[in-house]
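Understanding the architecture of this molecule
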Amino acid sequence: MLAVIYKKPKFLKTLQYVLGKVGAAIIGKHISGDSPDNLNKELLESKNTNHRVKKHCAHLILSLPKHENIDDLTMNHITGDFLESMGYRNSNDITQNVPFVAVRHHDKEHEHIHIIASRIRFNSSCVSDSWDYLKAQNTTSTARLK
């Protein structure tokens, strides 16, 4: 599995792109909206709790190898494991979690998932981006994510 990480100052254009693809399917989220506008409003609420963070939108993409298929439930579990390993989620403390939406695409030879997440946790702290590319590489090379 391959991970790509982008950090952006705004959510809306990314949400519109990700949800605007034909066949896009939300397979997991920690917010209640379904449309780009509603999801954007909810994600912006986290932004307002920590004004020091300039690039509060994390766009994380996880791609499977070509022609490999995983069902949505398994992909949702992989998403949760990835978010936890990257510091966006803590299964023991909900205040350490971030609002996010995970959207699956089948528009290329390799299936992939887009995770749009706030970098600001529910407790207003920021997810560190120190060494995040290395953490993502190490996480996606583990047995669970192969």
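Structure shown above.
Figured I'd write up the structure that's included with this text. (Residues numbered from 1 in each chain as written. Predicted model: local features only at pLDDT ≥ 70, side-chain atom pairs only at ≥ 80, totals over all residues. Heavy atoms only, no water.)

1. Comments concerning the sheet that holds strand 2 (residues 25–29)
Pairing in this open sheet of five strands is antiparallel, and the strands run 1-3-5-4-2 from one edge to the other. The outermost strands of the open sheet, each flanked by one partner alone, are strand 1 (2–8) and strand 2. Strand-to-strand twist of the sheet, defined as the mean angle between neighbouring strand axes without regard to direction, takes the value 20 degrees. One ladder, built from seven bridges, connects strand 3 (residues 57–63) with strand 5 (residues 112–118); its direction is antiparallel. (Pairing = 2+ DSSP bridges. Helix = DSSP H or I, 4+ residues; strand = E, 2+ residues; numbered from the N terminus. Axes fitted to C-alpha atoms, helices over the stretch in contact; angles between N-to-C directions.)

2. Remarks on the nonpolar core
Counting 22 residues, the largest nonpolar core has Leu60, Leu62, Met75, Phe82, Tyr88 and Ile115 as the members making the most contacts within it. Elements supplying a minimum of two residues to this core: strand 3, helix 3 (72–85), strand 4 (100–105) and strand 5. Among the elements that line this core, the one with the most residues is helix 3, at four residues. (Core = buried A, V, L, I, M, F, W, Y, C linked by side-chain atoms within 4.5 Å. Buried < 20%, exposed > 50% of the residue type's maximum accessible area, 1.4 Å probe, protein only.)

3. Quick word on the environment of Lys7
If you trace the backbone, Lys7 turns up in strand 1. Residues within four places of Lys7 in sequence aside, it is in contact with Lys55, Cys57, Arg119, Asp129, Asp132 and Tyr133. A distance of 3.0 Å separates a polar atom in the side chain of Lys7 from a polar atom in the side chain of Asp132. (Contact = heavy atoms within 4.5 Å. Polar contact = N/O pair within 3.5 Å; in protein donor to acceptor, adjacent residues only side chain to side chain.)

4. Examining a positive patch on the surface
Positive charge collects at one region of the surface, where Lys10, Lys13, Lys47 and Lys54 lie side by side. Here Lys54 shows up in the loop between helix 2 (36–47) and strand 3. Owing to a relative accessible area of 62%, Lys54 belongs among the exposed residues under this scheme. (Patch = residues over 30% accessible without salt bridge, like charges linked within 9 Å, V, L, I, M, F, W, Y side chains within 5 Å. Areas by Shrake-Rupley, 256 points an atom, 1.4 Å probe, with all protein chains shown as cover. Salt bridge = Lys/Arg side-chain N within 4 Å of Asp/Glu carboxyl O. Lys, Arg positive; Asp, Glu negative; His and termini not counted. Charge placed at Lys NZ, Arg CZ, Asp CG, Glu CD.)

5. Focus: the pattern of salt bridges
As enumerated under the stated definition, the model contains six salt bridges in all. Close ionic contact of Lys7 with Asp132 constitutes a salt bridge, the shortest N to O distance being 3.0 Å. Of this pair, Lys7 sits in strand 1 while Asp132 sits in helix 4 (residues 132–140), and the two are 125 residues apart along the sequence. Under the relative-accessibility criterion, Asp132 is labelled buried at 4%. Two residues, Glu111 and Arg104, come together in a salt bridge whose shortest N-O distance is 2.3 Å. Since its relative accessible area comes to 12%, Glu111 is described here as buried. A relative accessible area of 1% means that Arg104 is categorised as buried. One continuous salt-bridge network, built from bridges that share partners, spans Lys7, Arg119, Asp129 and Asp132.

6. Quick notes on the packing of aromatic side chains
Taken as a whole, this structure holds zero aromatic pairs when the rule is applied. Lying over the aromatic face of Tyr6, Lys8 brings its terminal NZ or CZ to 5.5 Å of the ring centre. (Phe/Tyr/Trp six-rings, centres within 6.5 Å; stacked < 30°, edge-to-face > 60°. Lys NZ or Arg CZ within 6 Å of the ring centre and 35° of its normal.)

7. A few points about the state of the cysteines
Counted according to the given criterion, the structure contains zero disulfides. There is no disulfide at Cys57, and the cysteine sulfur nearest it, in Cys126, is 12 Å away. You can call Cys126 partly exposed: its relative accessible area is 28%. (Disulfide = S-S within 2.5 Å.)

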